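As a plain string of letters, each chain reads:
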Amino acid sequence: MAGGGYVTAAEGSALDYGEGMGITFSVVVTSLMAASCGLIYGFDSGVSGGVTQMDSFLRKFFPEVISGKKNAKVDAYCKYDNQWLTAFTSSLFIAATLSSLVASRVTRRVGRQAIMLIGGILFLAGSVINAAAVNIAMLIIGRMLLGFGLGFTLQAAPLYLSETAPAKWRGAFTSAYNAFLVIGILSAAVTNYITNRIEGGWRVSLGLATVPGAAVVLGVLFVPDTPISLFMRGYPDRARSALQRIRGPGADVDAEFKDIIRAVDVARQNEEGAFRRLFSKEYRHCLVIGAALPVFYQFTGMIVISIFSPVLFRTVGFSSQKAILGSVINSMTNLVATLLASFVMDRTGRRFLFIVGGLGMMLCQVAISWIMADHLGKHEGVTMPLNYATAVLVLICMCTFSFGVSWAPLRWVVPSEIYPVEVRSAGQAMTISITLCISFVELQVFIRLLCAMKYAVFLLFAACLLAMTVFVAVFLPETKGVPMETMRSAWARHWFWRRFVKDAGNENSHNRL
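The protein chain carries the name Major facilitator superfamily (MFS) profile domain-containing protein in an unreviewed UniProt entry, which gives Eragrostis curvula as its organism. Taken from UniProt, the Sequence similarities (unreviewed entry) comment for the protein chain reads in full: "Belongs to the major facilitator superfamily. Sugar transporter (TC 2.A.1.1) family." Recorded in UniProt for the protein chain, the comment headed Subcellular location (unreviewed entry) runs: "Membrane".

S.K.: Report on the confidence of the model for the protein chain, specifying residues and quantitative values.
M.R.: Mean pLDDT over the protein chain works out to 80, with 84% of the residues at or above the 70 mark. Ranking the elements of the protein chain by mean pLDDT puts helix α17 (residues 302-315) last, at 65, and helix α6 (residues 112-131) first, at 93. Below a pLDDT of 50 lies the segment residues 1-15, which in the model reaches 34 contacts outside its immediate sequence neighbourhood of four places, other chains included. Segment residues 504-513: pLDDT under 50, and 27 contacts once partners within four positions in sequence are set aside and those in other chains are kept.

S.K.: How would you explain the packing of aromatic side chains if you had to name every residue and give the values?
M.R.: Overall, the coordinates contain 19 aromatic pairs when judged by the stated rule. Here F354 and W407 contribute two aromatic rings whose centre-to-centre distance is 4.6 Å and whose plane-to-plane angle is 65°, an arrangement assigned as edge-to-face. Of this pair, F354 sits in helix α19 (residues 350-379) while W407 sits in helix α21 (residues 407-418); the two residues are 53 residues apart in sequence, bridging distant segments of the chain. With relative accessibility at 1%, the residue F354 sits in the buried group. Owing to a relative accessible area of 1%, W407 belongs among the buried residues under this scheme. Joined through ring pairs, the aromatic side chains of F296, F471, F475, W491, W495, F496 and W497 make up one cluster.

S.K.: Describe a nonpolar patch on the surface, naming the residues involved and giving the relevant values.
M.R.: On the surface, L466, V470, V474 and W495 cluster together to form a nonpolar patch covering roughly 360 Å² of accessible area. Mapped onto the elements, L466 comes out in helix α23 (residues 456-475).

S.K.: How would you explain the pattern of salt bridges if you had to name every residue and give the values?
M.R.: This structure, assessed with the given rule, holds 11 salt bridges. For the salt bridge of D44 with R143, the shortest nitrogen-to-oxygen distance reads 2.6 Å. In this pair, D44 is assigned in helix α2 (residues 38-51) and R143 in helix α7 (residues 136-164), connecting sequence segments 99 residues apart. E417 is paired through a salt bridge with R350; the nearest N and O atoms lie 3.1 Å apart. Note that E417 is positioned in helix α21 and R350 in helix α19, a separation of 67 residues in sequence. Salt bridges linked by common partners bring R170, D346, R350 and E417 together as one network.

S.K.: Now, about the packing of helix α16 (residues 284-298) against α23: what can you tell me, with residues and values included?
M.R.: Between α16 and α23, whose axes approach to 11 Å, the crossing angle comes to 155°. By the criterion of interaxial angle, the relationship of α16 to α23 is roughly antiparallel. Handedness of the crossing formed by α16 with α23: left-handed. Together, V288, I289, A292 and F296 of α16 and M468, F471 and F475 of α23 make up the contact between the two elements. Among the residues making up the contact of α16 with α23, the classes are represented as 7 nonpolar, no polar and no charged.

S.K.: So what's going on with helix α9 (residues 176-195)? Which residues, and what values?
M.R.: When the terminal C-alpha atoms of α9 are compared, their 28 Å separation across 20 residues agrees well with the 28 Å that a helix rising 1.5 Å per residue should span. Taken across its 20 residues, α9 has 15 buried, putting it largely inside the fold.

S.K.: Please set out helix α1 (residues 25-35) residue by residue, giving values where relevant.
M.R.: Of all the residues in α1, the buried ones are S26, V27, T30, S31, A34 and A35. Relative to the axis of α1, the buried residues are bounded by an arc of 150° and lie together on one face. Against α2, α6, α7, α8 (170-174), α9 and α13 (236-247) lie the buried residues of α1.

S.K.: Describe the nonpolar core, with residues and values.
M.R.: Core analysis: the biggest nonpolar cluster contains 57 residues, and I289, F354, W407 and W491 have the highest contact counts within it. In terms of residue count, α23 provides more of this core than any other element does, 9 residues in total. I289 has contacts with P294, I418, F471, F475, L476, W491 and W497, leaving out every residue within four places of it along the chain. Within the second largest apolar cluster, 53 residues are counted, among which are A35, V47, A188 and A209.

S.K.: Provide a residue-level description of the side chain of D225, including the pertinent values.
M.R.: With respect to the helices and strands, the residue D225 is situated in the loop between α11 (210-221) and α12 (227-232). One polar contact links D225 to S229, side chain to side chain, over a distance of 3.1 Å. Here R233 takes part through its side chain, which lies 2.6 Å from a polar atom of the side chain of D225. Other than its neighbours up to four places away in sequence, D225 contacts V110, G111, R112, Q113, Y160, L230, R233 and A242.

Calculation rules
- Per chain, residues are indexed from 1 in the order of the written sequence.
- For a predicted model such as this one, the threshold for reporting local features is a pLDDT of at least 70, and the threshold for listing and counting side-chain atom pairs is 80 or more; totals across whole chains, interfaces and linings nevertheless cover every residue.
- Side-chain metrics in this entry use all non-hydrogen atoms of the structure; hydrogen atoms and water are not considered.
- UniProt positions are given in the numbering used here, feature names are shortened, and annotations may be inferred rather than shown by experiment.
- Per-residue confidence from the predictor is reported as pLDDT, which spans 0 to 100.
- Starting at the N terminus, helices and strands are each numbered in turn, a helix being any DSSP run of H or I of at least four residues and a strand any DSSP run of E of at least two.
- The criterion used for residue contact is that any of the two residues' heavy atoms lie within 4.5 Å.
- Each Phe, Tyr or Trp ring (for Trp, its six-membered ring) is paired with any other whose centre lies within 6.5 Å, and the angle between the two planes then decides the class: stacked below 30 degrees, edge-to-face above 60, tilted in between.
- Here's how the labels work: a residue is buried when its accessible area is under 20% of the maximum for its type, exposed when over 50%, partly exposed in between, all with a 1.4 Å probe on protein chains only.
- Without a salt bridge and with relative accessible area above 30%, a residue can belong to a patch; like charges are then joined within 9 Å and nonpolar side chains (Val, Leu, Ile, Met, Phe, Trp, Tyr) within 5 Å.
- Method for areas: the Shrake-Rupley scheme with a 1.4 Å probe, in which residue coverage is limited to the protein chains shown.
- Counted as salt bridges are all cases of a side-chain nitrogen of Lys or Arg within 4 Å of a carboxyl oxygen of Asp or Glu.
- Interaxial angle, 0 to 180 degrees, is taken between N-to-C directions of lines fitted to C-alpha atoms, where a helix line uses only the stretch in contact.
- Our angle categories are set so that under 35 degrees counts as roughly parallel, over 145 as roughly antiparallel, 65 to 115 as roughly perpendicular, and the remainder as oblique.
- For any helix crossing, the convention is left-handed if the near helix is rotated counterclockwise from the far helix by under a right angle, and right-handed if that rotation is clockwise.
- We call Asp, Glu, Lys and Arg charged. Ala, Val, Leu, Ile, Met, Phe, Trp, Tyr, Cys and Pro are nonpolar, and the rest, Gly among them, are polar.
- Expected span, for any helix, means 1.5 Å times one less than how many residues it has.
- Summarising the geometry, the arc corresponds to the directions from the helix axis toward the C-beta atoms.
- Take the buried residues of types Ala, Val, Leu, Ile, Met, Phe, Trp, Tyr and Cys, join any two whose side-chain atoms come within 4.5 Å, and each joined set is a nonpolar core.
- Pairs of N or O atoms within 3.5 Å make up the polar contacts considered here, provided that, within protein, one atom can donate a hydrogen while the other can accept it, and that residues adjacent in sequence are counted only when both atoms are side-chain atoms.

Right, dumping it as structure tokens:
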């Protein structure tokens, strides 16, 4: 045992759970089914950003934006500054915030699998209403249903993945959610590129959201619940069978199942008031990191770049079709980076990728700001020349790559693994709610910020990236390879957070001597 009496990363690793344990076909299929929930988030984000710059969509619902675009006196950075237009995009996130809080309470009673199924059904209904919309009210109602579905799946899917994945490869499995999210964004960008040529093609783009929605509903029907969720709901035999199935018929699951029993026993002793306990000193370390990461993530600026990239490319001078093509290229870059991150994060660790990715995004956003400032100094009020616009596209892709190997997948991985089981649903709900709530505000104001601040908006994001990279380097413990049932050991080794960790020295030590 380590000198401090607590479990070390090596001692609390997946190897302690038996040599026969590894990646099985069952855990791969199950995880892919759950990770496919990311498709609905990604497809909706990509479609809504592309649709909001389609002329046929704007003529139908936002004719004043069309008038503003044709007005030569309107600043290029202000052509899409319309609060109803941004409300179409951002309303989803306020609905998702509310539903994620509801899902955190319901999931203890019905399980992760049922929550994902409910989310998929709600998303499917919202997609149908949006495709059939004849006025702004129908658009907003559809977006709210999409948001309710998104909130449910966001609450359950990352936790499902982290609870079923082998500890040694938990980062790769949990980041699969982000990989599907990026595939959804890329699929949406390609869809928009094709439908933009069609009059009324926005209906096709919005209607095709039913495809990932239906895929999630059908896929989740074949996914069993997690062993922890089953045991917490009073099904110990089914929980052990589920654990044996995902770990393989030859794996010795006794040690892992004992850890699950112990973790669930602690959770049952503290079953009531999970949200209240989350704010106590005992869980302060989880609360700070769990709240800081989603806040910092939003201030990378990448959520608005991802969703509004077609609008941004239109702003700097691309035609509608080229703007969507630029979004396709950016989404492909994101996918490559995400797949790379899935392979390396369980080798390099979480902190290294956070730091390298943060510095890369910061440098790119400073460069984007410099190019925009240089253009304004020479050609104020004029659309960017092609060479300037191309440079912005390249830098945004470089920024997206840095984002894709770091904050994009890790914002799902780290929050899903840091909370003890007794506050895990509450902690995940808080993290998701913060993410979605800030997304709503940021999306609602970004176009106005771009109009008011112009290039300086990217300097603001760069300053935030510097601050968050320093925070991660100083305060984030490394969680690579640590089983979730013994995660207190990672906190207990940290120079700052160890003062808050309760009973770290005794955690599971009796069966790891």
